[in-house]
Each structure stands twice: as C-alpha cells, then as structure tokens.
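# Results of the structural survey
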Amino acid sequence: MSLPGKALAVSDTHGYRDVSHDPVTSALPNGDVPVFDDSMDADERVITALGYKQEFKREFSLWTTFCVSFAVLGLLPSFASTMYYGMGYAGTAGMVWGWIIAMIFIQCVAMSMAELCSAMPTSGGLYYAAAVLAPPGYGPFAAWITGWSNWIGQITAAPSVDYALAAMILAAGSIQNPDYIPTQWQTYLLTVFILIVHTGISSMPTKWVAVFNSWGSTFNMLALVAVIIAIPAGTTNSPKFTPSREVWGNITNMTDYPDGVAVLMTFVAVIWTMSGYDSPFHLSEECSNANIASPRAIVITSGVGGLMGWFLQLVVAYTVVDIDAVLNSDLGQPWASYLFQVMSRKGALAILALTIVCGFSMGQGCMVAASRVTYAYARDDCFPFSKHWKRINNTTQTPVNAVILNTVLGILMCLLLFAGDVAIGALFSIGAIAQFVAFIIPIAIRVFFVGDRFRKGPWHLGSFGPWIGALGVGFVLLMVPILCLPADTGSDLTPDLMNWTCLVWGGPMIAVSIWWIFDAHKWFKGPKVNLEHVIHGNIIDGIDGSQEQTTVVPGAGAPADVSHRSSPKL
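Residue numbering note: each chain is counted from 1, following its sequence as written. Owing to the predicted nature of the model, reporting of local features is limited to residues with pLDDT of at least 70; listing and counting of side-chain atom pairs is limited to 80 or more, with chain, interface and lining totals taken over all residues. Side-chain metrics rest on all non-hydrogen atoms present in the structure, leaving aside hydrogens and water.

Where an unreviewed UniProt entry is consulted, the chain appears under the name Amino acid transporter (Eurofung), with the organism given as Emericella nidulans. UniProt positions are given in the numbering used here, feature names are shortened, and annotations may be inferred rather than shown by experiment. We quote the UniProt Subcellular location (unreviewed entry) comment for the chain here in full: "Membrane".

## A closer look at the overall build of the chain
Secondary structure summary: the chain contains 21 helices and three strands in total. Residue burial is assigned from relative accessible area. The probe radius is 1.4 Å, only protein chains are included, and a residue is buried under 20% of its type maximum, exposed over 50%, and partly exposed in between. Relative to its full complement of 570 residues, the chain shows a buried share of 61%. Note on areas: these come from Shrake-Rupley sampling with a 1.4 Å probe, and a residue is covered only by the protein chains present in the view. Total accessible area computed for the chain in this model is approximately 20,900 Å², and 66% of it derives from carbon and sulfur atoms. Put simply, DSSP marks the helices as runs of H or I at least four residues long and the strands as runs of E at least two long, and each gets a number from the N terminus on.

## With respect to the packing of helix H7 (residues 184–202) against helix H16 (residues 345–379)
Axis definition: a line fit to C-alpha positions, over the contact stretch in the case of helices; interaxial angles, taken between N-to-C directions, run 0 to 180 degrees. Interhelical geometry of H7 versus H16 gives an angle of 60° and a closest axis separation of 9 Å. Considering their axes alone, H7 and H16 lie oblique with respect to each other. As H7 runs across H16, the sense of the crossing is right-handed. Note on element contacts: H16 touches H7 through Phe 360, Gly 363, Gln 364, Met 367, Val 368 and Arg 372, opposite Ile 194, Leu 195, Val 197, His 198, Thr 199, Ile 201 and Ser 202. Each residue is assigned to one class: nonpolar for Ala, Val, Leu, Ile, Met, Phe, Trp, Tyr, Cys and Pro, charged for Asp, Glu, Lys and Arg, and polar for all the others, Gly among them. Taken together, the residues that form the contact of H7 with H16 break down as seven nonpolar, five polar and one charged. An angle below 35 degrees is read as roughly parallel, one above 145 as roughly antiparallel, one from 65 to 115 as roughly perpendicular, and any other as oblique. Note on convention: the crossing is left-handed when the near helix lies turned anticlockwise from the far helix by less than a right angle, right-handed when the turn is clockwise. Pairs of residues are marked as contacts when any of their non-hydrogen atoms sit within 4.5 Å.

## Observations regarding the nonpolar core
Ranked by size, the top nonpolar core spans 168 residues in total, and within it Ile 106, Met 120, Tyr 277, Trp 335 and Tyr 338 carry the most contacts. Considering each element in turn, this core owes the most residues, 20 residues, to helix H6 (residues 139–176). The set of buried Ala, Val, Leu, Ile, Met, Phe, Trp, Tyr and Cys residues whose side-chain atoms join them within 4.5 Å is what this entry labels a nonpolar core.

## Quick word on helix H1 (residues 42–49)
Buried residues dominate H1, accounting for six of its eight residues. Every buried residue of H1 is listed here: Asp 43, Arg 45, Val 46, Ile 47, Thr 48 and Ala 49.

## A short note on the confidence of the model for the chain
Of all residues in the chain, 83% attain a pLDDT of 70 or more, and the chain-wide mean is 78. By mean pLDDT, the top-scoring element of the chain is helix H20 (residues 465–483) (92), and the lowest-scoring one is strand E3 (residues 538–541) (38). The predictor reports its confidence for every residue as pLDDT, a score running from 0 up to 100. Predicted confidence is poor over residues 1–23, with pLDDT under 50, and the contacts of this stretch with residues over four places away or in other chains come to 74 contacts. Predicted confidence for residues 532–570 stays below pLDDT 50, and this span has 130 contacts to residues more than four positions away or in other chains.

## Considering a nonpolar patch on the surface
Within the patch definition used here, like charges are joined within 9 Å and nonpolar side chains (Val, Leu, Ile, Met, Phe, Trp, Tyr) within 5 Å, considering only residues with over 30% relative accessible area and no salt bridge. Salt-bridge detection follows one rule: a side-chain nitrogen of Lys or Arg within 4 Å of a carboxyl oxygen of Asp or Glu. A contiguous nonpolar patch, built from Ile 404, Val 408, Leu 412 and Leu 415 and spanning about 340 Å² of accessible area, is present on the exposed surface. By the element assignment, Leu 412 lies in helix H18 (residues 400–413).

## Notes on the packing of helix H8 (residues 206–234) against helix H15 (residues 334–342)
In the contact formed by H8 and H15, the axes pass within 10 Å of each other and the chain directions differ by 40°. As the angle between them shows, H8 and H15 are arranged oblique. Only Trp 335, Tyr 338, Leu 339 and Val 342 of H15 make contact with H8, whose side of the interface consists of Val 227, Ile 231 and Gly 234. Considering only residue class, the contact of H8 with H15 consists of six nonpolar, one polar and no charged.

## Notes on unusual backbone geometry
Backbone geometry at Asn 289 places phi at a positive 55°, although glycine is not the residue there. By the secondary structure assignment, Asn 289 is in the loop between helix H12 (279–282) and helix H13 (290–319).

## A few points about the side chain of Thr 65
Examined against the element boundaries, Thr 65 turns out to sit in helix H2 (residues 62–73). Given the relative accessible area of 0%, Thr 65 is considered buried. In contact with Thr 65, other than residues within four places in its own chain, are Phe 60, Pro 280, Cys 287 and Ala 297.

## As for the packing of aromatic side chains
When two rings of Phe, Tyr or Trp (its six-membered ring) have centres within 6.5 Å they constitute a pair, described as stacked for plane angles under 30 degrees, edge-to-face for angles over 60, and tilted for the intermediate range. A full pass over the atoms with the stated rule returns 26 aromatic pairs. Joined through ring pairs, the aromatic side chains of Tyr 127, Phe 141, Trp 144, Trp 148, Trp 151, Tyr 377, Trp 515, Trp 516, Trp 523 and Phe 524 make up one cluster.

## Structural notes on helix H3 (residues 75–88)
Here H3 contains 14 residues, and its C-alpha end-to-end distance of 18 Å stays within 8% of the 20 Å for a straight helix at 1.5 Å per residue. In this scheme, the bend at a residue equals the angle between the axes fitted to the seven residues that finish there and the seven that begin there. Along H3, the largest kink reaches about 65° and is centred on Thr 82. The span you would expect from a helix comes to 1.5 Å times its residue count less one.

## Section: the pattern of salt bridges
In total, this model carries one salt bridge according to the counting rule given. Linking Arg 446 and Glu 115 is a salt bridge whose minimum nitrogen-to-oxygen distance equals 3.3 Å. Note that Arg 446 is positioned in helix H19 (residues 421–450) and Glu 115 in helix H4 (residues 91–119), a separation of 331 residues in sequence. For the pair Arg 446 and Glu 115, one class covers both residues: buried.

## Examining the environment of Val 247
When you line up the elements, Val 247 lands in helix H9 (residues 244–249). In this structure Val 247 comes out as buried when scored by relative accessible area, which is 0%. Sequence separation between Val 247 and Val 320 is 73 residues; the distance between their C-alpha atoms is 9.8 Å. Excluding residues that lie within four positions of it along the chain, Val 247 makes contacts with Thr 92, Ala 93, Val 96, Thr 242, Ala 317 and Tyr 318.

## Re the environment of Gly 234
Turning to its location among the elements, Gly 234 is positioned in helix H8. Among the residues examined, Gly 234 registers a relative accessible area of 29% and is labelled partly exposed. Through-space distance from the C-alpha of Gly 234 to that of Met 343 is 6.2 Å; in sequence the pair is 109 residues apart. Sequence-distant contacts of Gly 234, defined by excluding residues within four places in its chain, comprise Val 342 and Met 343.

What follows is the structure, given as structure tokens:
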C-alpha cells in the first residue's frame, strides 16, 4: 500500500533523527526508525537508513570508484583474453556488429542497475535490492539466488583474468626464446603467484587500494588509446587495411549454427568484458556521496568502456590477415599471435607488454570487487562460517578474511587448467552468465512487480526506467541459452569441445536451490540489520530473523514510496 511521504521523526533528545531526506529503500521493518547521532554525515545517514553500520572509511570518490570499475573492465586485457570467442565464432563481421548490438542492450542493463544503486547504495548491491523489492514472501529467495549467482561470477573473475595474464606472460617468454614451450604446471603456478600478489594488495587499507587502482586504471586508459593508435600506424600489412565490405559483410561462420546464431555467440566476449561495471555498486559503502557518485560511475564505465572497446574491435577487424592462423597458433594466445601477424617484432612485444601491465591492474580490480561482495553476503550469514569472512581487519579496516577466502577458491578453480583449454575457458562463460543473471533479477522485479511504485534515488531514469529495464531483461533472457551453446554439434562435438558452462554454473546453482528448499529457507531471511534501531518505540539490536524483509524509509519532499507489502501508517 502507499506510504505517506511525511517525515519519520523522533525527538533528537532520544538520539533519533528525521530521516526524510535519506531517499532509500530499506530492509528495516516497517515503522522502524534507525538510531542516528549528530556526528553522522549524509552518507552515514543513508547507510544507517539501509540498516547497516558505517564500517568502511569513505575514501573512494567518483573518479577512484570509476577507476576501479574501469580496471575491472580492463578493456585491453579483456579483449586479449576473449579474442578467441569474439573472432572465432563469426569472424570480423561478428566482431564489429556483435559488439555494437550487444552494447546497446548492455547499456540498458547498466542504467537500470545504476537506478537501483542510487536507491540502495550498499555493498550487498543487487542482492539487497532483490530482497527488498521482491513480492511478499519471496524476498529471501530472490536475495539467495541473486547473491549466489553474483558471487559465483565475482569469484571467477580474478582467476580467469590472472590465468589469461599468466598465459600472455609465458607467451612473451616463448617469443623471446622460441625453444621454450610453457607447460600447464608453469601456467598454473604463475597464475597462483599473481593471485597471491593481488591478495596482498587487496588487503591494504582502502585509501591505498583506491590509489593503486586509480593509477592502474589511468594506465589502462592510456594504454588502450595508445594501442588503438599504434596498431593502424605500425601494421606491416600490404595493403594496410582489409576493405570495409569484407570487414562488415563477410561473416566467417566457424560454428555449426546459422550465421545469426554465430553472431549471437560472439556476444560472450562482449558480456564477459563488460561485466565489471557493477563494481561501483559494491564499493558504494566506501564512496563519498554514494547515491549519486556510484550510479554515475556505473553508467560512465559502461558507456566509455563500450565505445572504446568497439574502437579496438574495429582496429583488429580491419588489420587481421589470417583468422585461422591467429586462433590456432603454437603460441597458445590469440592476441599475441595477432600482434605478431600484423606488426614488427618490437612493436608486437611493446603492445603485449602494455597488455600484461593492464591485465595485472584488471585482476587487482576484480579481486577488490569480489572481496566486497563476499564480505557483504557473509555479513548476512549467507555462507558457512560467515562469522570469519565478515570480519573487518582492525589494522587495515578492510575485509582481509574475505580476500583470502576468494584467493583460495580461485586457486582451486584454476585446477580446471589440467582438464583442458575448453574446461578452463568455462571460467569466462561462467563469469558472463552468472553476473548477468544476477544483474537482471532485481531489475526484473523492479520492472514487472514494482513498476512505477519504485522509490527512486537522486539518480534515476524517470518514466523511461521500466522500458529500459525491460529491454535489458529481455536481452539477458535471450543470451543465457546462447552462452551455453558449444561451437560444434552432432558427430563433431566431443567432450573436449563441449561448452561446460551449463554444468559448471548450473551445478552450483542447482545445489544452492536444493539447499534452500531443504534447509536455508528456515534460517536465511535476507539482509540482516546490524545496527541499533527503534521499532514500535523499543530499542533493539539487530533484527529478528523471523521478521519479514520490508521496504522503506519514506521521504518528505520526494515521491511517496509505495510498498508492495502491508504496512502500518507512519
């Protein structure tokens, strides 16, 4: 029912304050008022109204938040890591058309996510939004499925990036010494070493992490621009560029499906590359002016990343000579093979070195973002032994235990390397499908169940919000089965060519669904309030797990929130 837009106010002499200016959709029970004090700034009032204590230092700005998310995108190393999928399914036409078409819909998902972030700027992000927006009785289950899918996507990001980075480093070694052939164990051990280094950096104080990622992201952007300029200028091809009619019109279908499906399959490269723009959502508790800066960072990351990524696609599409040679080179790394096909040895090594540095920065950003997600979910006791993973280190004021947990899981996941290239490649598809499924669950709830009753934050899409969200949801629903397709069918399909994404992602999701049915529904009730607050005039600590997850702290001067649950008048 509709809640009036008047202020919730209790006398300041009792330690409570009017929260009418805090435009959030909250997990606090209806009729509840959080305990404030006069020392709180606007950001702390917002997070308190959401039901959480301010536990991080807010040392991220719009720029440094954008830097982390842009580092997670890591356009140059991401393109290098997924070149096999973008080019290998439909050739150059699939690359140039696939990227721009996919980006239109990905931008719809990003803008809808930014709208949710402005309304609920918390580390729990999509999981929190799914919990408080879901229809009555479904909030905990929506949060459970969203949280686990998002977490699976997050924890596979750093291992997949670091594996690709290790492969590039060893490929560079092969180029320098043609007699050297990297072994699987060497690739694995180097991946583990990089993961451990990223663990140390991600465990540092927030200010240091922000500075590191700011420099890394700046280098990423400069390197990307340099590569986009250097390849056309330094190509040794004759003629330098492939004619446009061949680049745009010649679909080189390397799958057993029709051309249209082959182009859709190239979207896995775009989706995996562009899956990092949710990082500002998860860093919002460490960002100042979070309900404006964080959504802006999401949209800027997706927009700038999509445009610059397309420019890189065009450069490669116009200069590549022999796609088959690139994909099947003995170097084992398509990006390195491509560079040596179109450039001089020195130029190729220089660009490969830039890509390696950018890849290191990207893996670091992925590790930071994933640790904040693990912390947020552990804070609500989603995991076994959550009490350990939700601890904030007293020295660094960062979730060090969550970082270490993610690292151990990443090291174990990289053992897929020994099952073959297709098996380790599943990490990339898992990241794409898991993240985007998590992205659209709260967006779908907002569009199809809450609609115009959604309480907007200071950054919003106005009346276009539901339409933009619906486009994003439709795109992901189309892509989920496409991301699970193998390139070969029938007698051509062998176990080593099978796309194992459906098993490696679907297996854990089926497992957590069964866990929910038989056990978790008894104790998991969604986001857990962890601060002192008032309900019906009584001060209590935390929130009873039996209480229904609800929306809202309504605001004077803003559109009245409309709850989809039965609520007392305030």
